[in-house]
Amino acid sequence: MSRATACANIALIKYWGKRDENLMLSTKSSLSVTLDSLKTVTEVEFSQTDSLSINGIKASDEVLVKFTKFLDQFRKKFGMNQNFLIESFNNFPTAAGLASSASGFAALTVALNDLCKLNLDKKELSMVARLGSGSASRSVYGGFVVWNKGLNTDGSDSFAEQIFTSDYWPELRVIIVVVQSSKKKISSSRAMQISVNTSPSYNDWVKRSELRIKPMIEAIERRNLDALGVLAEADCLEMHATMHDSVPSINYLTDKTLRIVDLVKNLRRSSVQCYFTIDAGPNVKIITTVSNQELILQNLKNVDGVEQVIVSKIA
Ligand code: PMV
């Protein structure tokens, strides 16, 4: 049996949309931070058939289809025919836009690499994890990570790389505000397809978002939270706009989400440095530094509808 741990990540510059559905190749590059508090531990062993449990419960058919597709690609890539028993444990809500697929496929890839004695390096691990879930390509690293979209049709140049280690900016914090821990209504894969195929603003967002990568790297390099936050909020809001103007329109944001966004904006008006980002779900991640953490946590106590608050350092 092999066991591996991986952490979820939150994109500051988002991935949303594929140029190749099968190889999970993104239309654009993205940049993330890996979150120390959101962990998946995965155990894997050889077995007669493929099976998967998450937090001790047999995976749903929908999840199993995704994992079987990944395992089939894995077997094909490495010329294997074994089946696997997979047990995965998350210390955070699964499939509620908290990147459980990122940490899940990253942990599974690392565990399979160990079990099958493949000796893959980080770049190869990133490319294999990508086949399970695009964002998983970034979760094989800690710290600050860029997933380069790559240009090759076979995906051979589409992998993530660490740009700064976690100790480069030890004061940085992400406060994860869970307003809904149940499963999301529409999978990110399906929602992405709809945005790519129907959103009139999609291509413009891709261009603008790509242009944010360089200034975002500079913001991190200078440890400039305001510069980072302005870029992250713009990128997140424009990504959600591509969902809203899709046909049919997709909306992951709820009243509770918007209450947290308002709180972040109000805190900023009173000179508390904090910014928000939101993925394919209603939960909000507040980006700040350790000196503002307590004040933000106090303020969150007064907001209706908050189910859970998780403070994370960079992993
Ligand atoms: O990797 P997926 O299919 O879970 O997609 C993740 C998409 C976002 O979380 C919304 C953005 C991102 O870059 O992580």
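Our structure's up above, just so we're on the same page.
Fair warning: this is a prediction, and the values are worked out from it, not measured in the lab.

Another aspect to go through is the overall build of the protein chain. Scanning the protein chain from terminus to terminus reveals nine helices and 13 strands. Here the protein chain holds 315 residues, and the buried ones make up 54% of them. Residue pairs in contact within the protein chain that sit at least 24 positions apart in sequence constitute 74% of those at least 6 positions apart. Carbon and sulfur atoms make up 51% of the accessible area of the protein chain, which amounts to about 13,300 Å² in all. If the 37 positive side-chain charges of the protein chain are averaged to one point and the 33 negative ones to another, these points end up 2 Å apart.

Moving on, we come to the packing of helix 5 (residues 202-211) against helix 6 (residues 213-221). Two elements in contact, helix 5 and helix 6, have axes whose closest approach is 4 Å; the angle formed by their N-to-C orientations is 30°. Residues S209, E210 and L211 of helix 5 form the contact with helix 6, whose participating residues are I213, K214 and P215. Tallied by class, the residues present in the contact of helix 5 with helix 6 amount to three nonpolar, one polar and two charged.

Further remarks concern the site of the ligand. In the neighbourhood of the ligand, 14 residues make up the surrounding shell, with Y15, S133, S135, R138 and S188 lying closest. Between the ligand and S101 there is a distance of 3.2 Å, counted from an oxygen atom to a side-chain nitrogen or oxygen. Note that an oxygen atom of the ligand is positioned 2.6 Å from one of the side-chain N or O atoms of S135. Within the complex, 93% of the 380 Å² of free accessible area of the ligand lies under protein. Broken down by class, the residue content of the shell around the ligand amounts to six nonpolar, five polar and three charged.

The next point concerns the sheet that holds strand 13 (residues 308-312). Pairing within the open sheet is antiparallel, and its four strands lie in the order 11-12-10-13. Edge strands, defined here as strands with exactly one partner in the open sheet, are strand 11 (274-278) and strand 13. Strand-to-strand twist of the sheet, defined as the mean angle between neighbouring strand axes without regard to direction, takes the value 25°. Bridge analysis of strand 11 against strand 12 (residues 284-289) gives five bridges, and the strand direction is antiparallel. Pairing of I278 across the sheet is with V284, part of strand 12. Each of strand 10 (172-178), strand 11 and strand 12 touches helix 8 (residues 255-269); the most contacted strand, strand 11, lies at about 160° to it. Each of strand 10, strand 11, strand 12 and strand 13 touches helix 9 (residues 290-300); the most contacted strand, strand 12, lies at about 140° to it.

What follows is about the packing of aromatic side chains. Using the criterion set out here, one finds 10 aromatic pairs in the structure. Among the aromatic residues, ring-to-ring pairing joins F46, F67, F70, F74, F78, F84 and F105 into one connected group. Over the face of the ring belonging to Y141 we find K122, whose NZ or CZ atom lies 5.6 Å from the ring centre. Lying over the aromatic face of Y168, R223 brings its terminal NZ or CZ to 4.0 Å of the ring centre.

Let us look at the nonpolar core. Grouped burial of nonpolar side chains is what soluble globular proteins tend to show. The biggest cluster of nonpolar side chains holds 45 residues, and the ones touching the most others in it are W16, V44, F70, F84, L108 and L112. Here the element with the most residues in this core is helix 2 (residues 100-115); it accounts for seven residues. Those residues in contact with F70 that lie beyond four places of it in its chain are F105, L108, T109, L112, V128, L131 and G132. By size, the runner-up hydrophobic cluster in this structure holds 29 residues, among which are I13, V33, F144 and A219.

The rules we used
- Residues numbered from 1 in each chain as written.
- Predicted model: local features only at pLDDT ≥ 70, side-chain atom pairs only at ≥ 80, totals over all residues.
- Heavy atoms only, no water.
- Helix = DSSP H or I, 4+ residues; strand = E, 2+ residues; numbered from the N terminus.
- Buried < 20%, exposed > 50% of the residue type's maximum accessible area, 1.4 Å probe, protein only.
- Contact = heavy atoms within 4.5 Å.
- Areas by Shrake-Rupley, 256 points an atom, 1.4 Å probe, with all protein chains shown as cover.
- Lys, Arg positive; Asp, Glu negative; His and termini not counted.
- Charge placed at Lys NZ, Arg CZ, Asp CG, Glu CD.
- Axes fitted to C-alpha atoms, helices over the stretch in contact; angles between N-to-C directions.
- Nonpolar A, V, L, I, M, F, W, Y, C, P; charged D, E, K, R; others polar.
- Near = heavy atom within 4 Å.
- Polar contact = N/O pair within 3.5 Å; in protein donor to acceptor, adjacent residues only side chain to side chain.
- Pairing = 2+ DSSP bridges.
- Phe/Tyr/Trp six-rings, centres within 6.5 Å; stacked < 30°, edge-to-face > 60°.
- Lys NZ or Arg CZ within 6 Å of the ring centre and 35° of its normal.
- Core = buried A, V, L, I, M, F, W, Y, C linked by side-chain atoms within 4.5 Å.

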